[in-house]
Structures are given as structure tokens and as C-alpha cells.
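Summary of structural features
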Amino acid sequence: QVQPVESGGGLVQPGGSLRLSCATSRNIFSINVMGWYRQAPGKERELVASITRSGNIKYTDSVKGRFAISMNSAKNTVYLQMNSLKSEDTAVYYCNVKGVQIYDDWGQGTQVTVSS
């Protein structure tokens with residue numbers, strides 16, 4: 001595995017915003033999809049948002065209209081803009097990179113805490 005590097009987590013008040021970044025050293029042409037997952041204490045890891053190299057995007061229902069995923073292909077980087085954050089968004093957020101051929105890379109995770 002080639003571990004992607006995440007940044008941008010932290011503590012924010014309800015209603016605030018954060019932007020997560022994830023950079024991979026994989027060749028851009030080998031990438032099929034990049035995404036963000038999250039895992040809250042006592043819960044299973046869930047997909048938050050994903051984007052394919054061709055631009056197809058998916059969101060989990062709970063973040064639609066609040067979060068936006070984007071990819072900078074020149075920098076092999078994916079971003080997650082998180083707005084109108086809620087306490088239930090508190091979790092460890094993980095970046096995932098899946099290859100056209102079989103690889104599945106995970107970042108080490110970045111903590112996002114939404115609290116007043």
C-alpha cells in the first residue's frame with residue numbers, strides 16, 4: 001500500500017466549516033476513485049463521499065447539500081469541503097484511494113470534532 005497523506009481536521013463549533021485534503025503519490029492514471037470515509041466511536045466505518053477520475057460523485061445522504069468533494073488531478077489530491085457541521089459529523093475521517101487495477105490505500109485518519 002501507498003499511504004495517502006491527510007490534513008485539515010480539527011475542532012470546530014456547530015455550523016462551522018472545515019476542509020480536508022488528501023494527497024497520494026500514486027500515478028494519477030492508475031487511480032479509479034478517491035473518497036472519504038468516517039468512523040465515529042462505537043460505529044462502523046461509512047462512506048462519506050467519493051469521486052472518480054472522470055468526475056462521478058457520490059455522497060451519503062446525511063451530508064448532501066453540506067459537504068462537497070473535489071479532485072485536483074494535477075496534484076493527485078482530493079478535498080472534502082465540510083460546511084454547516086453538526087455534532088453527529090464528529091468522527092475520524094479516512095482518505096481512501098482505489099486503483100484501476102487492484103489496490104486499496106488508506107490514510108491514517110484525521111480527527112474532526114464538532115462541539116461548542
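**Focus: the packing of aromatic side chains**
As enumerated under the stated definition, the model contains one aromatic pair in all. Between the NZ or CZ atom of R26 and the centre of the ring of Y103, over which it lies, the distance is 3.7 Å. Over the face of the ring belonging to Y94 we find R45, whose NZ or CZ atom lies 3.8 Å from the ring centre.

**What to know about the pattern of salt bridges**
Counted by the stated rule, this structure contains six salt bridges. In this structure, R38 and E46 form a salt bridge, with 2.7 Å as the shortest nitrogen-oxygen distance. Taking relative accessible area as the criterion, R38 reaches 6% and is therefore assigned buried. A relative accessible area of 31% places E46 in the partly exposed class. Two residues, K64 and D61, come together in a salt bridge whose shortest N-O distance is 3.0 Å. Here the two residues K64 and D61 agree in accessibility, since each one is exposed. One network of salt bridges, with partners in common, ties together R38, E46, R66 and D89.

Reading guide: rules and limits
- Residues numbered from 1 in each chain as written.
- Predicted model: local features only at pLDDT ≥ 70, side-chain atom pairs only at ≥ 80, totals over all residues.
- Heavy atoms only, no water.
- Phe/Tyr/Trp six-rings, centres within 6.5 Å; stacked < 30°, edge-to-face > 60°.
- Lys NZ or Arg CZ within 6 Å of the ring centre and 35° of its normal.
- Salt bridge = Lys/Arg side-chain N within 4 Å of Asp/Glu carboxyl O.
- Buried < 20%, exposed > 50% of the residue type's maximum accessible area, 1.4 Å probe, protein only.

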